Amino acid sequence: MKSSTCIGISSMKPCCRFLISYRSSSFFGFSPPKMSRSGIRNLSKSLSKAVDRRRVHSCKHSKSQVVGYKCLADPNRRAFSVSDSSWGQSRVVSDSFRVDKGRSREVLVIPRVASDFRNHSTSVEHHVNEKNFERIYIQGGLNVKPLVIERIETGDGLVKEDNTGINASESDVNTNDVEGSNLTEPRIEREVSEIEKEAWNILRGAVVNYCGNPVGTVAANDPADKQPLNYDQIFIRDFVPSALAFLLNGEAEIVKNFLLHTLQLQSWEKTVDCYSPGQGLMPASFKVRTVPRDGSPEAFEEVLDPDFGESAIGRVAPVDSGLWWIILLRAYGKITGDYSLQDRVDVQTGIRLILNLCLTDGFDMFPSLLVTDGSCMIDRRMGIHGHPLEIQALFYSALRCSREMLTVNDATKNLVAAINNRLSALSFHIREYYWVDIKKINEIYRYNTEEYSTDAINKFNIYPDQIPSWLVDWIPDEGGYFIGNLQPAHMDFRFFTLGNLWAIVSSLGTPKQNKDVLDLIEAKWDDLVANMPLKIIYPALESDEWRIITGSDPKNTPWSYHNGGSWPTLLWQFTLACIKMGKPELAQKAVALVEERLAVDQWPEYYDTRSGRFIGKQSRLYQTWTVASFLTSKMLLQNPEKASLLFWEEDYELLETCVCGLSKNGRRKCSRLGPRS
């Protein structure tokens, strides 16, 4: 049996393990680093300085079905307990859960520094190409001094809080770095309705603890559900509205724990059969499991078991998880004022890994992300493979978040430049080619086909007969929207709500386009909202189209689930878009609809039928993100200044540096210049 040993600085909790598969050729899914001699010398110098101030832990792992990452604790280190006023009590996290109550309680020991081993585990090539983003992961990685807030249990049982997280012997640390590290507002005390109280009870009842600390919420918590499937797991995308509800209510601990623990799950070697996904991939979900420790029937420990898609229906990796993680990380800093989390070395490295995965050069000629069907919220076959709008809008948002949060230095300047270039190109691509209104549809109706030149008007060889009959009468004279997908000789004219809402929130569209999207939703309220906001897709696929595109999916029957079902979780994003565009009355109208029904219907996951009158035929009850979206929407409407922290305005710097180059050789000028002029 082969085994390997690694030395690394770690902040991992000794009581906590992760379920992973193991290959002797790599550690946690990272290939062994390939470095030049000069790179090794620089890395050695950086590590030696770090080791002088911090203890280095050794960890070993061997080939088995369950491999746990656990650091050997120094017996001379002090123990501490974790306490937070938001959760009501002080907790001592034990190393294991023992059946034998006669034994003394074991105490968790945690190093005071953030994990640095991630920065020294990625591949470093000999390439001199400036576009090789992997080069930046080692360089300058230790320049950021992460801050860790600890609560230390003294001998007399009292809890002493260490707000600096900095060793007193480290005289070279700038104490100004700690400013703003603990600026979370106290829990907001305000009068709430009975429905809101019920919602908060359900949301807090869905909280999952790991080693004594809250780390997320389960997808659904229906006590009558005998087959929860994966609804008892913590999904990254599902947790976002829950996280915002907690943040807006002044409870930040659970969000911080979630961000850090999901970061530790990033890029581990989960596989579909014998093939591994790229580094930087975030899991779709994870679950806290209790397993026997080292085969002992008397000792148990908690482990995190992530799902990267290898257990999902269709075995599709989640493209949107990493994008949502970056968006939530920015929201945490904006709402709490605690930007020290973003500055941690491991967090900065996590952002870079996600960006590296998304910005990798490939065969695709488009600036949009090429993904498979089922790789986002619509996780079943629904004909969205290619360049779906939802992924592009989230990708654009994540790029804007990353540009704000990345530490800019010589090691990251190339990455920041690549982000700016991609933002500009992606924005132009979506605004120019995804947008449709009555004028654009009439233009497509008169397209010439088989055009071969750089000056072609019909650049993607779209056939006019693709314009569906329903769209001709449905599109209003005022207003428009972004289509669902664009590929060669194919335009998906369905209205995808999530992508259009995030185009507004992130300013992916122009101010005029953003206004027109809301105007269309208002004009087509009976189709897109009706009795329950909001339709995830309009219209539904029916008859032969449903059989061909979905494969006769029994769950995605017409006007059900992802095929035209109504999803209350889209409410908070609709509210955010309405507040941004100065139309909060539209959001209030939608909130009033759900307030009348959700509690009576036991907070279902989705609704069926064209008007959203029936509870979904396979809808889970007490769906957590349904509850959280209602609470988040209420709080955003009551505190619109908080909403301004979560959306973006037009970025005029991108207008100045547009890289589309369409003004050359007599071609039409870039549409991004319109708002600027």
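Counting starts from 1 at the beginning of each chain's written sequence and moves along it residue by residue. Selection of residues for local features in this predicted model requires a pLDDT of at least 70, selection of side-chain atom pairs for listing and counting requires 80 or more, and totals for whole chains, interfaces and linings are taken over all residues. Excluding hydrogens and water, the side-chain values take into account all heavy atoms of the structure.

Overview of the overall build of the protein
Just so we agree on the cut-off: In this text, helices come from DSSP runs of H or I with a minimum length of four residues, and strands from runs of E with a minimum of two, each type numbered from the N-terminal end. Accessible area is worked out with a 1.4 Å probe on protein chains only. A residue is then buried under 20% of its type maximum, exposed over 50%, and partly exposed in between. For accessible areas, the Shrake-Rupley method is used with a probe of radius 1.4 Å. Any residue's cover is judged against the shown protein chains and nothing else.
From N to C terminus, the protein includes 21 helices and 19 strands. Residue burial in the protein is summarised as follows: out of 677 residues, 59% are buried. Roughly 29100 Å² of accessible area belongs to the protein as shown, and the carbon and sulfur atoms make up 50% of that amount.

A word on the pairing of strand β10 (residues 213–217)
Looking along a regular strand, one sees side chains alternate from face to face of the sheet. Note the threshold: The pairing criterion for strands is at least two bridges between them, as found by DSSP.
By the criterion of burial, β10 is predominantly enclosed, with 5 of the 5 residues buried. Across 4 bridges, strand β9 (residues 207–210) lies against β10 in antiparallel orientation. Opposite Asn 209, over in β10, you have Pro 214 as the bridge partner. A loop of 2 residues connects β9 with β10, the two strands running antiparallel in sequence, and Cys 211 in this loop sits at a positive phi of about 55 degrees.

Thoughts on the environment of Lys 535
Inclusion rule: In the analysis that follows, any N or O atom pair within 3.5 Å is treated as a polar contact, provided that within protein one partner can donate a hydrogen and the other can accept it, and provided that, for residues neighboring in sequence, both atoms belong to side chains.
If you trace the backbone, Lys 535 turns up in the loop between α14 (525–528) and β17 (537–538). As for Lys 535 and Trp 567, which are separated by 32 residues in sequence, their C-alpha atoms are 6.3 Å apart. One polar contact links the side chain of Lys 535 to the main-chain carbonyl oxygen of Arg 610, over a distance of 2.8 Å.

Quick look at the nonpolar core
Spelled out, the test is: Nonpolar cores were defined as sets of buried Ala, Val, Leu, Ile, Met, Phe, Trp, Tyr and Cys residues, with membership established by side-chain atoms within 4.5 Å. In what follows, a contact means two residues having at least one pair of non-hydrogen atoms within 4.5 Å.
Formed by 158 residues in total, the largest nonpolar core has its most connected members in Trp 325, Tyr 481, Trp 502 and Phe 574. Leaving out residues up to four positions away in the same chain, Phe 574 has contacts with Leu 501, Leu 518, Ile 521, Trp 525, Leu 534, Leu 586, Ala 587 and Ala 590.

Quick notes on the confidence of the model for the protein
Let me state the cut-off plainly: A score between 0 and 100, pLDDT records how confident the predictor is in each residue.
With 68% of its residues at a pLDDT of 70 or more, the protein shows a mean pLDDT of 77. Counted against residues more than four places away or in other chains, residues 20–186, with its pLDDT under 50, gives 329 contacts. Per-residue pLDDT stays below 50 along residues 661–669; that stretch engages in 12 contacts with residues further than four places along the chain or on separate chains.

Comments concerning the environment of Ala 530
Considering the arrangement of structural elements, one finds Ala 530 in the loop between α14 and β17. Ala 530 gets classed as buried once you look at its relative accessible area, which sits at 17%. Distance in space between the C-alpha atoms of Ala 530 and Arg 613 is 8.6 Å, their sequence separation being 83 residues. Sequence-distant contacts of Ala 530, that is, excluding residues within four places in its chain, are made with Trp 525, Leu 593 and Ser 611.

A closer look at unusual backbone geometry
Between Pro 533 and Leu 534 the backbone carries a cis peptide bond, its omega angle lying at 0 degrees. Considering the arrangement of structural elements, one finds Leu 534 in the loop between α14 and β17. Each neighbour pair has its own omega, and for Tyr 538 with Pro 539 the value is -10 degrees, a cis peptide bond. When you line up the elements, Pro 539 lands in the loop between β17 and α15 (543–550). Backbone geometry at Trp 559 places phi at a positive 65 degrees, although glycine is not the residue there. Among the secondary structure elements, Trp 559 is positioned in the loop between α15 and α16 (571–580). The backbone phi angle of Gln 602 is positive, close to 65 degrees, even though this residue is not glycine. With respect to the helices and strands, the residue Gln 602 is situated in the loop between α17 (584–597) and β18 (607–608). Given the relative accessible area of 34%, Gln 602 is considered partly exposed.

Things to note about the pattern of salt bridges
Stated formally: Salt bridges, as used here, are contacts in which a Lys or Arg side-chain nitrogen is within 4 Å of a carboxyl oxygen on Asp or Glu.
Enumeration according to the criterion identifies 21 salt bridges in this entry. Among the salt bridges present, the one from Arg 344 reaches Asp 346, with a minimum N-O distance of 2.8 Å. Both residues of the pair, Arg 344 and Asp 346, count as buried. Glu 595 serves as the salt-bridge partner of Lys 634, at 3.3 Å between the closest nitrogen and oxygen. Note that Lys 634 is positioned in helix α18 (residues 624–638) and Glu 595 in helix α17, a separation of 39 residues in sequence. Assessed through its relative accessible area of 15%, Lys 634 is described here as buried.

Observations regarding the packing of aromatic side chains
How we decide: Stacked, edge-to-face and tilted labels apply to pairs of Phe, Tyr and Trp rings (six-membered ring for Trp) whose centres lie within 6.5 Å, assigned for plane angles under 30 degrees, over 60, and everything in between, in that order.
Per the counting criterion, the structure on display carries 21 aromatic pairs. When the ring of Tyr 538 is compared with that of Trp 559, the centres are 5.9 Å apart and the planes differ by 50 degrees; the resulting orientation is tilted. Here Trp 559 lies in the loop between α15 and α16 and Tyr 538 lies in strand β17, a separation of 21 residues in the sequence. Under the relative-accessibility criterion, Tyr 538 is labelled buried at 7%. For Trp 559, a relative accessible area of 8% gives the class buried. Between the aromatic rings of Tyr 561 and Trp 567, the centroid separation amounts to 5.5 Å while the plane-to-plane angle is 50 degrees, which identifies the pairing as tilted.

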